[in-house]
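# Reading the structure
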Amino acid sequence: MKLTKIYKTVLAVSLLTLPSACKESFLEENQITLLTTQNFQTASGLDGLSIGMYQSLRFHFNYEWAYSTTNYGTDEFTVGGDRTEQMFNSYDANLNSQNGDLSTVWDNMYGNINSANILIQNVPKYYGGGAAADTRLGEGYFMRAFDYFKLVRQFGGVPLKLAPSTSIEEEYTRATAKQVYDQIVEDFTQAYTLLPATAGEPGRLTKWAAAHFLAKAYLYRASEINNDWNSATKADDLQNAIKYADLVINTSGHTLATNFSDLWNFSTVDGPNETNKEIILSAQFSNNTATQGRYGNQVHLYYPSVYQTLPGMQRDIAGDREFQRLRTTDYSIDVYDRVNDSRFWKSFKTRYLSNRPATAPTWTAATAPNPSLVGKPKFAGGEEAVLYIVNAPGDTRYTPASLPFRAPTLFVRYFAGQPENLLGGHGNFTTNQYLALSKFMDGSRNAVASQFGQRDGILARLGETYLIAAEAYGRLGKYAEALPYLNKVRDRAAYKTGEDRSAYVDGGVAYKNNPAANTAQFVSYSDKNTYFESNNIPVATTSTLEGMHLNSVADIFNATNQFYSRVGATSEATKFVAFMLNERSRELVGELMRWEDLSRTQTLVTRATAFNDEAKPQSRHLLRPIPQKFLDGVKQNGAILTAEQKTAMQNPGW
């Protein structure tokens, strides 16, 4: 069984509620009593506190802040039909220190840091020693490092709080980014030393999760945003990034999923994709509605485009709820080799089947294939109702005049005579109807309108570990040493001999095991895509590994030249970083880390401006503003901060 997701720890000096131990027969929440923080001076109380801390991992998938602070305003995604959080994409005046999402991130990270500080302080005093004590202490160090890592990526240097709060505290100073990173590295190192190699329960932390994030922290510390202070440690940091990535790759027992779609083939809660050996750490969600909390996993809501209003369609569980927040940019489509790279077709949804045939359009005398079809529906229930065609420039098959002759509603990016310019708005893609990411679709929900996703949220997987090592080698100028790591990921991505190129798996397959979904006569899920229409090539009979494999360093610098020119990458060093950012898109698109990648490489302004037609970031947007609520509450020598002192504590430009 997995670590249950029912634990809530209230981090205050007064009261808390803890459930019973985590065993299959104890999955239902049992409130036992109201306990004071003196309970944290017992082994059982510290066990409960440690379990409660895992709730904070779910925070990163819970609500608007999950995508607004990570995916908006980048090269990969822009605003869809719902503009609720548009300020994170446009970087307009509404993105400021008063923003509620930024305050929520700040408050939740520090809340869990306080729990970690209690564990770190109390386990050596009260737990009694042994392997279990090491694990509890390791969890404390990991969580503190994990949360400070989130804070430094978003805000830069932040106050370092390394002891539990036992009363109201009002006086804080900001540490430098260097000091925060030093603490992160120290804490992740401690966690790596203390945590077990094998989790006691699914969902628990291991030393390999610590190693993955330690490698990532070293890479981030060595990145461009820290160039004003990291020169003395950069080379060592990159070597350490490789060292800890290699430990995960070579000794952890984690392996890449055989097929990229195995990661996203969500068939049922706690099913095979959630226990795939590629996954190093995930936030645990379940189908226990009594303990799902206020949010559940809501990331599935934000990517789908509108389908319920299209002819022959209505909203269903399989198609998900379309909050239409994250509209895929042309960059996210064109960064792929769509002939050889299966990751594209296994990451995006291109086809919907009719689930409301009564509203299907009918053939007219001008469009019917033969006179006998005039006035009859263009398609029946379960047949194609919507197709997204991902065309390349020069394809003359689709024009406004030709579309009515097709049965499904077609959305096409390129029409005859329109050159590719990677800025969007081509064909009949709109802010409401666009090619949608399918990685996180959740067909396990208990009702069509339900927002409560039940699938786990992946926080670390081996595919990224390989890319961390590759980037570290390249930043050291050792491009040849980076190739094996890149090829491991790219070779997995390549179509294999005999593989059906039209087949893909979107996250909606969980509906097949969901009685609530099977009550419908038709569903909008299809396990085929528009590969053939989009690429117009025959079924592959041989492996296309050669099309993805990097045979030499020259392949890196010759690849995706259009992207190099668009982002001003001219030297080997800048081209390599551009290549890695492109490869991270191909592997990790939508996985809630893109803004932080562009911030730490200082490519946010260039890439967002080049590929996101609405984003207008400036250099100050490389960091978020420190929340005003914090600045207004801080005191110095017993007095509230003056306007000048608040400005001095705030990030530059805010």
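Cut-offs and rules
Residues numbered from 1 in each chain as written. Predicted model: local features only at pLDDT ≥ 70, side-chain atom pairs only at ≥ 80, totals over all residues. Heavy atoms only, no water. Helix = DSSP H or I, 4+ residues; strand = E, 2+ residues; numbered from the N terminus. Rg over C-alpha atoms; globule rule 2.2 N^0.38 Å. Buried < 20%, exposed > 50% of the residue type's maximum accessible area, 1.4 Å probe, protein only. Contact = heavy atoms within 4.5 Å. Areas by Shrake-Rupley, 256 points an atom, 1.4 Å probe, with all protein chains shown as cover. Lys, Arg positive; Asp, Glu negative; His and termini not counted. Charge placed at Lys NZ, Arg CZ, Asp CG, Glu CD. Core = buried A, V, L, I, M, F, W, Y, C linked by side-chain atoms within 4.5 Å. Pairing = 2+ DSSP bridges. Axes fitted to C-alpha atoms, helices over the stretch in contact; angles between N-to-C directions. Salt bridge = Lys/Arg side-chain N within 4 Å of Asp/Glu carboxyl O. Left-handed = near helix turned anticlockwise from the far one by under 90°. Nonpolar A, V, L, I, M, F, W, Y, C, P; charged D, E, K, R; others polar. Phe/Tyr/Trp six-rings, centres within 6.5 Å; stacked < 30°, edge-to-face > 60°. pLDDT = per-residue confidence, 0-100.

### Considerations on the overall build of the chain
Check the secondary structure of the chain and you find 23 helices and 11 strands. Taking 2.2 N^0.38 as the reference for a compact globule, 654 residues should give roughly 26 Å; the C-alpha atoms of the chain span a radius of gyration of 25 Å, in line with that estimate. Along the longest, intermediate and shortest principal axes, the C-alpha atoms of the chain span 85 × 60 × 50 Å. Taking all 654 residues of the chain together, the buried fraction comes to 60%. Pairs at least 24 apart in sequence give 71% of the contacts found in the chain among residues at least 6 apart. For the chain, the accessible area works out to roughly 23700 Å², and carbon and sulfur atoms hold 52% of it. Mean positive and mean negative side-chain charge positions of the chain (63 and 65 charges, respectively) differ by 2 Å.

### A word on the nonpolar core
Counting residues in each nonpolar core, the largest one holds 165 residues, and the members touching the most others are Phe-142, Ile-184 and Phe-188. Ranked by residue count, the leading element in this core is helix α6 (residues 131-155), at 12 residues. Beyond its immediate sequence surroundings of up to four residues, Phe-188 is in contact with Phe-142, Ala-145, Phe-146, Phe-149, Ala-210, Phe-213, Leu-214 and Ala-217. Ile-317, Val-505, Val-523 and Tyr-525 belong to the second largest nonpolar core, which has eight residues in total.

### Description of the pairing of strand β6 (residues 384-389)
The buried count for β6 comes to five of six residues, which makes it a mostly enclosed element. Bridging between strand β5 (residues 351-353) and β6 involves three bridges; their strand directions are antiparallel. Each residue of the ladder has a partner; that of Arg-351, found in β6, is Leu-387. When β6 meets strand β7 (residues 409-412), the two strands line up parallel, connected through four bridges. Bridge assignment links Tyr-388 to a residue of β7, and that residue is Phe-411.

### A look at the sheet that holds β7
Ordered by their spatial adjacency, three strands build an open sheet running β5-β6-β7, and the pairing between neighbours is mixed. Edge positions in the sheet fall to β5 and β7, since each of these pairs with one other strand and no more. Taking the axes of each pair of neighbouring strands and ignoring which way they run, one obtains an average angle of 5 degrees across the sheet.

### Some thoughts on the pattern of salt bridges
When the charged atoms of two side chains with opposite charge come close together, those side chains can pair. If you walk through the whole model with that rule in mind, you get 48 salt bridges. Linking Asp-75 and Arg-594 is a salt bridge whose minimum nitrogen-to-oxygen distance equals 2.8 Å. Of this pair, Asp-75 sits in the loop between α3 (65-68) and β1 (77-79) while Arg-594 sits in helix α20 (residues 594-600), and the two are 519 residues apart along the sequence. Notably, a salt bridge pairs Lys-629 with Asp-107, separated by 2.8 Å at the nearest N-O pair.

### Topic: unusual backbone geometry
Trans is the common state for peptide bonds, and a negative phi is the common state for residues other than glycine. Positive phi outside glycine occurs at Gln-324, with the angle close to 45 degrees. You will see that Asn-637, though not glycine, has its phi angle at about 55 degrees, which is positive. Here Asn-637 is to be found in the loop between β10 (635-636) and β11 (639-640).

### Some thoughts on the environment of Ser-261
Residue placement: Ser-261 occurs in the loop between α9 (234-251) and β2 (279-283). On the basis of relative accessible area, Ser-261 is assigned to the buried category, the value being 8%. The spacing of Ser-261 and Phe-579 is 318 residues in sequence and 23 Å in space, taken between C-alpha atoms.

### What to know about the packing of helix α1 (residues 43-53) against α6
Relative orientation of the contacting elements α1 and α6 amounts to 35 degrees, with a least axis distance of 10 Å. Between α1 and α6 lies a crossing whose hand is left-handed. Contacts between α1 and α6 involve Leu-46, Asp-47, Ser-50 and Met-53 from the first element and Arg-136, Glu-139, Gly-140 and Met-143 from the second. The residue makeup of the contact of α1 with α6, split by class, is three nonpolar, two polar and three charged.

### A few points about the packing of aromatic side chains
Overall, the coordinates contain 47 aromatic pairs when judged by the stated rule. When the ring of Tyr-110 is compared with that of Tyr-148, the centres are 6.0 Å apart and the planes differ by 85 degrees; the resulting orientation is edge-to-face. Pair noted here: Tyr-110 is in helix α5 (residues 100-126) and Tyr-148 is in helix α6, with a separation of 38 residues, a long-range link. A single burial state applies to Tyr-110 and to Tyr-148, both of which are buried. Summarising the aromatic geometry, the rings of Phe-146 and Phe-213 are spaced 5.3 Å apart at their centres and angled 85 degrees between planes, so their arrangement reads as edge-to-face. Pair noted here: Phe-146 is in helix α6 and Phe-213 is in helix α8 (residues 207-221), with a separation of 67 residues, a long-range link. We note that Phe-146, like Phe-213, is buried.

### A short note on the confidence of the model for the chain
Per-residue confidence for the chain gives a mean pLDDT of 89, with 91% of residues at or over 70. Within the model, pLDDT remains below 50 along residues 1-33, and this stretch shows 90 contacts once partners closer than five positions in the same chain are excluded.

### Remarks on the environment of Asp-527
On the secondary structure map, Asp-527 appears in the loop between α14 (515-518) and α15 (531-535). As for Asp-527 and Gly-508, which are separated by 19 residues in sequence, their C-alpha atoms are 9.8 Å apart. Beyond its immediate sequence surroundings of up to four residues, Asp-527 is in contact with Ser-502, Ala-503 and Tyr-504.

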